[in-house]
Amino acid sequence: MTGVLHDIAVEAPDRPDVVALIEASDAYSLERYPPEGHFGTDIAGLKSPDISFVVARRDGVAEGCGALKRFGDATGELKRIFVSDAARGLGLGRRIMARLEAMAAENGLKWLYLETGPLNTEAVAMYRRLGYAECGPFADYTANPHSLFMTRKLTGEPSNEG
């Protein structure tokens, strides 16, 4: 890590610079998967009351994001974890994950789930380092060749910074 600091805060997902970040996330996904393999929540969905959305900014520039969806049964889903090309390699993904996990714990959640693509090798490696393990489909997802499902029990301890 280079010591570059980002502020990570809850924000509305419909700010123009955040929309551009989400569009970059969609483009990244659509370069790797067909449209039927893209499961990104749209802006309207990210504004749902059961979702908290965070943005990581460096010098005011949105360079990363992520969301926590609460299911209401002590479980939740991490969504839209994305770091821009300009901020890759700085440990920002781990910091976003830590912030979302802390929010989940504050909300009394015991288990977190996520869906990612198997071709997102850097993300999958990070999730594994942070203690996430593969699991079956959850919530409304079904098994498909474009998805990898992962879960982690929250213990009150921060995830492994690996």
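Residues numbered from 1 in each chain as written. Predicted model: local features only at pLDDT ≥ 70, side-chain atom pairs only at ≥ 80, totals over all residues. Heavy atoms only, no water.

Engineer: Please give an account of helix H1 (residues 16–32) that cites residues and values.
Structural biologist: With 17 residues, H1 should reach 24 Å at 1.5 Å per residue; the first-to-last C-alpha distance of 25 Å fits that figure. All buried positions along H1 are accounted for by Val18, Leu21, Ile22, Ser25, Asp26, Tyr28 and Ser29. In a view along the axis of H1, the buried residues occupy a sector of 155°, so they form one face of it. In H1, the exposed residues that point more than 90 degrees away from the buried face are Pro16, Glu23 and Glu31. Close packing links the buried residues of H1 with helix H2 (43–46), strand E2 (51–58), strand E3 (61–70), strand E4 (75–83) and helix H4 (121–129). (Helix = DSSP H or I, 4+ residues; strand = E, 2+ residues; numbered from the N terminus. Expected span 1.5 Å × (residues − 1). Buried < 20%, exposed > 50% of the residue type's maximum accessible area, 1.4 Å probe, protein only. Arc of directions from axis to C-beta. Contact = heavy atoms within 4.5 Å.)

Engineer: Give a detailed account of H4, specifying residues and quantitative values.
Structural biologist: Restricting attention to buried positions, one finds in H4 the residues Val124, Met126 and Tyr127. When H4 is viewed along its axis, its buried side chains cluster within an angular range of 160° and face the same direction. Packed against the buried residues of H4 are E4, helix H3 (92–106), strand E5 (111–116) and strand E7 (148–153). Among the residues trailing H4, Gly131 stands out with phi positive, at a value near 100°.

Engineer: Tell me about the environment of Asp7, residues and numbers included.
Structural biologist: In this structure, Asp7 sits in strand E1 (residues 7–10). Of the residues examined, Asp7 reaches a relative accessible area of 61% and is grouped as exposed. Note: C-alpha distance between Asp7 and Leu119 (112 residues apart in sequence) is 29 Å.

Engineer: How would you sum up the nonpolar core? Please name residues and give values.
Structural biologist: Formed by 26 residues in total, the largest nonpolar core has its most connected members in Leu78, Ile96, Met97 and Tyr132. Counting residues per element, the ones that place at least two in this core are E2, E4, H3, E5, H4 and E7. Looking at which element gives the most residues to this core, the answer is H3, with six residues. Here Met97 is in contact with Leu78, Ile81, Leu114, Met126, Tyr127, Leu130 and Tyr132, once residues within four sequence places are set aside. Core analysis: the next-biggest nonpolar cluster, separate from the first, contains twelve residues, Ile22, Phe53, Val55 and Phe82 among them. (Core = buried A, V, L, I, M, F, W, Y, C linked by side-chain atoms within 4.5 Å.)

Engineer: Report on the pairing of E7, specifying residues and quantitative values.
Structural biologist: Burial within E7 is extensive, with five of its six residues counted as buried. For E5 and E7, the ladder comprises six bridges, and the chain directions are antiparallel. Of the residues in E7, the one forming a bridge with Trp111 is Lys153. Relative to E7, strand E6 (residues 133–135) is paired through three bridges, and the arrangement is antiparallel. Counted as the bridge partner of Glu134 is Met150 from E7. (Pairing = 2+ DSSP bridges.)

Engineer: Which residues make up the sheet that holds E5, and what are the values?
Structural biologist: The sheet built from seven strands is open, its strands ordered E1-E2-E3-E4-E5-E7-E6 with mixed pairing. Each edge of the open sheet is held by one strand with a lone partner, namely E1 and E6. Neighbour-to-neighbour, the strand axes of the sheet open up by a mean angle of 30°, direction not taken into account. As paired elements, E2 and E3 share eight bridges and run antiparallel to each other. Each bridged residue has a counterpart across the sheet, and for Val55 the counterpart in E3 is Cys65. Packed onto the sheet, H3 meets E1, E2, E3, E4, E5 and E7 and runs at close to 35° relative to E3. Running at roughly 20° to E7, H4 makes contact with E4, E5, E6 and E7 of the sheet. (Axes fitted to C-alpha atoms, helices over the stretch in contact; angles between N-to-C directions.)

Engineer: Residues and numbers for the packing of aromatic side chains, please.
Structural biologist: On inspection of all chains with the given rule, the structure shows seven aromatic pairs. When the ring of Phe138 is compared with that of Phe149, the centres are 5.9 Å apart and the planes differ by 85°; the resulting orientation is edge-to-face. With Phe138 in the loop between E6 and E7 and Phe149 in strand E7, this pair connects stretches of sequence that are eleven residues apart. The burial state of Phe138 is the same as that of Phe149; both residues are buried. Among the aromatic residues, those joined into a cluster by ring pairs are Phe39, Tyr113, Phe138, Tyr141 and Phe149. When the ring centre of Tyr28 is taken as reference, the NZ or CZ atom of Arg32 above it lies at 3.5 Å. (Phe/Tyr/Trp six-rings, centres within 6.5 Å; stacked < 30°, edge-to-face > 60°. Lys NZ or Arg CZ within 6 Å of the ring centre and 35° of its normal.)

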